[in-house]
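Breakdown of the fold
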Amino acid sequence: MTDLIAMALNAPFGSFEEATQHLQDTAARGDVKHLSYWFLDFSGDNDDIVWIATYDTAYMSSYMNEYTPLGDPSMTDLLDKERVIDWVESIRANPVCRRMFQTASRFGISK
């Protein structure tokens with residue numbers, strides 16, 4: 001996996017579609033169902049949020065309409081506390097997280 005990351009850093013993608021295809025290929029090679037990449041930049045006047053994932057585009061649209069990383073309690077927790085997040089703990093502790101995971105499961109995205 002480290003070689004794939006190094007390759008991506010040395011040769012940036014020409015388009016969103018190309019980056020998405022790379023994640024799909026990498027997921028298949030790694031025998032995982034989904035991969036997700038976020039780039040969040042809150043340093044300027046405008047927030048820069050880029051999300052590339054192998055998820056169903058309808059799910060991604062639903063997530064961005066309902067929450068975005070700025071309204072996602074799990075993401076807020078991750079940004080506030082530089083530590084590993086236990087997603088099960090987040091689901092139990094926060095009703096918004098429970099709804100988010102229920103929505104994801106309807107799109108075939110599970111634990």
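Criteria and cut-off values
- Residues numbered from 1 in each chain as written.
- Predicted model: local features only at pLDDT ≥ 70, side-chain atom pairs only at ≥ 80, totals over all residues.
- Heavy atoms only, no water.
- Helix = DSSP H or I, 4+ residues; strand = E, 2+ residues; numbered from the N terminus.
- Buried < 20%, exposed > 50% of the residue type's maximum accessible area, 1.4 Å probe, protein only.
- Contact = heavy atoms within 4.5 Å.
- Areas by Shrake-Rupley, 256 points an atom, 1.4 Å probe, with all protein chains shown as cover.
- Expected span 1.5 Å × (residues − 1).
- Arc of directions from axis to C-beta.
- Core = buried A, V, L, I, M, F, W, Y, C linked by side-chain atoms within 4.5 Å.

Helix and strand counts for the protein stand at seven helices and two strands. Sorting the 111 residues of the protein into buried and exposed places 25% on the buried side. Considering only contacts within the protein whose residues lie at least 6 apart along the sequence, 38% involve residues at least 24 apart. Within the structure as shown, the protein displays about 7800 Å² of accessible surface, and the carbon and sulfur contribution to it stands at 53%.

The next subject is helix α7 (residues 95-106). Given a rise of 1.5 Å per residue, 12 residues ought to cover 16 Å, and the 17 Å separating the end C-alpha atoms of α7 matches this to within 8%. For α7, every residue scored as buried is listed here: C97, M100, T103 and A104. The buried residues of α7 occupy one face: seen down the axis, they fall within an arc of 125 degrees. Looking at the residues trailing α7, positive phi occurs at G108, about 85 degrees.

We now examine the environment of W51. Mapped onto the elements of the fold, W51 is located in strand β2 (residues 48-53). Its relative accessible area of 9% is what places W51 among the buried residues. Taking the C-alpha atoms as reference points, W51 and P69, separated by 18 residues in sequence, lie 9.7 Å from one another. Not counting the four nearest positions on each side in its chain, W51 is found in contact with F16, S36, Y37, W38, Y59, M60, Y63 and M64.

Turning next to the nonpolar core. Formed by W51, A53, Y55, Y59, M60, Y63, Y67, M100, A104 and I109, the largest nonpolar core amounts to 10 residues. For this core, the element with the highest residue contribution is helix α3 (residues 57-66), accounting for three residues. Excluding residues that lie within four positions of it along the chain, Y55 makes contacts with H34, S36, M60 and I109.

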